[in-house]
Amino acid sequence: MRDRFERVLILLILLAPLLFSLRGGYLQQVSGYVYLFLVQGYVAWFLFFKSGQPFFGYSVTMAIGAYGTIVPALMAERYLPLFMLASAVAASAVGVIIFLATSRARGFYVSMASFLLAILFPKLIEALQDTTGGRSGLYFSGLSGPLGLRNLYLLVILFTVAVVAFFFWIMNTRTGRILTLISENERLAQAVGIDTFWYKIAAYAIAGFISGLGGALYVNYTGFVSSVDIEVFSTVYIFFIPLIGGSRVRYGPILGALFVILVPELLVPVERYMRIFFGLIFILVIVLLPEGLAPSIQKLLARARRKP
Amino acid sequence: MLLNGTITGLIMGGILSLPVLGVAVIYGITGIPNFAIGVIGVFGGFITWYLFPYNMGLAILTGVAACFVVGYVTQRVLLTPISEMGGDSTLFFIITVSLGFVFEGIIRAVFPRPNISIALPRLGTVRFAGYSVEAFKLVALGFAILTLVLIRISEEYTEGGKSWQATSQNLKLAKLVGIGTTRVFSIASGIGCALACVGAIFWGSLYNLDLSSGWDLGFMGFIVAVVGGIGNIWGGMISALVIGMVMSFSGYFLSGMWQSVILYAIVILVLIVAPKGILGSERSL
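Given the structure is predicted, the values throughout are model-derived calculations rather than measurements.

Draft legend 1. Quick peek at the overall build of chain B. Per the secondary structure count, chain B includes 11 helices and two strands. By the compact-globule yardstick of 19 Å for 285 residues, chain B fits well, its C-alpha radius of gyration being 18 Å. C-alpha atoms of chain B, sized along the principal axes, occupy 60 × 45 × 35 Å. Relative to its 285 residues, chain B shows a buried fraction of 52%. Of all intrachain contacts in chain B linking residues separated by at least 6 positions in sequence, the fraction that spans at least 24 positions is 77%.

Next up, the structure:
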């Protein structure tokens, strides 16, 4: 009963910003970004926190989706949906390749290899600036042309809801339960006869595909992408989303995405000191609320309910 | 070209080896990967630049001392308590990156310019086999090698160095025999950040320092340390020199942008082929 209530609540929270589409403007634009990063945050939630795979290349898979869409679409825009799908498949393939290439290594080294890839990728984009636009970036109208901005915003929301629902569903399946077991005790999973290798490949393939498709939608929503957008800090921010929000709770990444995207927006008036506050807030949240925002809010609410 | 490339590569590697040594010292002793080390080092570089017009020696000393204090205090107040609560590599990654944000913000907020160059005296040129090299660059390389040797000697022959080794090899046992491990951790962190500061000062004198230099230097220091075998001081030094050579020689054939791509690609390849680095890690991750 409580589980169903939680799911309905998450759905309502996710759909609430639909109201912004009535007014359009700044709130619609910012909430669109929150959704697009929320998708990436849920990818990190699924792959890192639920499946226990030490991957840090989220900005890479997202960028492959974005560049794999915009670069060919500038040559033949009518095949745009096809390019979006193909770039998501490419991102999925890259995720699997990273896993296969680093399968001999253990946790931290896999993290480092994927983190280095996140540093390398923007440099590669800059080196290929004749095709990718480098730091100046590439512009296109993308799906906002045929759909219009409001419908594109609705599509972003629907996509996010579908991704969140998919991850909740998959974690309740046998595959999801095995992935949880792998993250908690891989040796035990192997001892009971589970071939963990294939389950891990599946986790990377799924995460890469959704991250890539999210990247493809991101470039359609913004109409622009440059090497600056996919710098290594994007991966850090994406990783912060489930961590800050609370990775043990299903709606944790929602709070995390709101926090990571909205805190810098709120700090705009003190732009000069933004990084100091941003860093300090992260440290304080991690030190004071080690389980993340969501479980701490849950505890506070429970305590408030218990009081007469 | 061969001699030119080799000397330039050695010098680049030598300067790079200072933050690498910083990473190696901190990780080797505390077991904590500190990703803020480059930004803290550049913070010290900015302090040095700010005080430089008054007195060069005092400016360098203040910058390095400030970094030591920052390293000591952050380790004592933040990182050691988290480590004692059972924090893992992921948590330290997040905490130290956030710490890096704070110091990048301080540099932006406090100092009047975001892009600086430190005018250390160039000391003339040295001629060798028909090739001339700035004496200052040789000093930088010599300093890096001397630092490495001093760290190794102090590890082997001083009481403090022995307590470092004991703490790094078996923390529980070190505590049991009365070594103040918290203090050892804090000093190691302070020394690591001070080394990063010296690296940043040399870097800022040869090239320049800006808000992103700290991350570049820190990440580069970290990946070079990983390639050498993280926590392994000799591995870090060899790796820094090899990577300096790669940077130097690729500069002859490729544009600056491709240079970084090739460098990172090689590092990733090394990690794939030899996940524990060239000489292997002295700590198990």
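Draft legend 2. Region of the structure containing the overall build of chain A. Within chain A one finds 16 helices and two strands. Taking 19 Å as the expected radius of gyration for a compact globule of 308 residues, we find that chain A reaches 19 Å, a close match to that expectation. Expressed as lengths along the three principal axes of its C-alpha atoms, the size of chain A is roughly 60 × 50 × 40 Å. Considering only intrachain contacts with a sequence separation of at least 6, the fraction spanning at least 24 residues in chain A is 75%.

Draft legend 3. Seen up close, the interface of chain A and chain B. Opposite the 32 residues of chain A that make contact, chain B presents 28 residues. If you list the elements that add at least two residues to the side of chain A that touches chain B, you get α6 (107-127), α13 (232-245) and α15 (274-288) of chain A. A breakdown of the residues in the side of chain A that touches chain B according to their chemical character gives 23 nonpolar, three polar and six charged.

Draft legend 4. Quick peek at helix α3 (residues 25-50) of chain A. Helix length check: α3(A), at 26 residues, gives a terminal C-alpha distance of 36 Å against a target of 38 Å (1.5 Å per residue), a fit within 8%. A positive backbone phi angle near 70° is found at Gly52(A), which sits one or two residues after α3(A).

Draft legend 5. Representation of the nonpolar core in the model. Leu116(A), Ile40(B) and Cys67(B) are the most contacted members of the largest nonpolar core, which totals 179 residues. Counting residues per element, this core draws most heavily on helix α8 (residues 181-206) of chain B, which supplies 15 residues. If sequence neighbours within four positions are ignored, Leu116(A) has contacts with Ile223(B), Tyr264(B), Val267(B) and Ile268(B).

Draft legend 6. Molecular detail of α15(A). A rise of 1.5 Å per residue sets the reference length of α15(A), with its 15 residues, at 21 Å; its end C-alpha atoms lie 21 Å apart and thus fit the reference within 8%. Among all positions in α15(A), only Arg275(A), Ile276(A), Gly279(A), Phe282(A) and Val285(A) are buried. In this fold, the buried residues of α15(A) make contact with α13 and α16 (293-306) of chain A together with α4 (89-110) of chain B.

Draft legend 7. Seen up close, the environment of Gly38(B). All names here are of chain B. Structurally, Gly 38 can be placed in helix α2 (residues 37-51). On the basis of neighbour counts, which here come to 31 C-beta atoms within 10 Å, the residue Gly 38 falls in the buried class. It is 13 Å that separates the C-alpha atoms of Gly 38 and Gly 204, two residues lying 166 residues apart in sequence. Each residue touching Gly 38, except ones within four places of it in the same chain, is listed here: Pro 19, Ala 196, Gly 214, Trp 215, Asp 216, Leu 217, Gly 218, Phe 219 and Gly 221.

Analysis parameters
- Positions within a chain are numbered from 1, following the residues in the order the chain's sequence is written.
- By the order in which they are written, chains take letters starting at A while ligands take numbers starting at 1.
- The predicted nature of this model means local features are confined to residues of pLDDT at least 70 and side-chain atom pairs, given and counted, to a pLDDT of 80 or more, with totals for whole chains, interfaces and linings taken over all residues.
- Helix and strand definitions follow DSSP, with helices as H or I runs of at least four residues and strands as E runs of at least two, each counted in order from the N terminus.
- The reference for a compact globule is 2.2 Å times residues^0.38; the radius of gyration itself is calculated from the C-alpha atoms.
- Exposure criterion: with C-beta atoms placed from backbone coordinates, a residue whose C-beta has 20 or more other C-beta atoms within 10 Å is buried, one with 12 or fewer is exposed, and one in between is partly exposed.
- Contact between two residues is assigned whenever their backbone-derived C-beta positions fall within 7 Å.
- Charged residues are taken to be Asp, Glu, Lys and Arg, nonpolar residues to be Ala, Val, Leu, Ile, Met, Phe, Trp, Tyr, Cys and Pro, and polar residues to be all remaining types, Gly included.
- Here the expected length of a helix is defined as 1.5 Å per residue gap, with one fewer gap than residues.
- The term nonpolar core refers to a set of buried Ala, Val, Leu, Ile, Met, Phe, Trp, Tyr and Cys residues connected through C-beta atoms within 7 Å.

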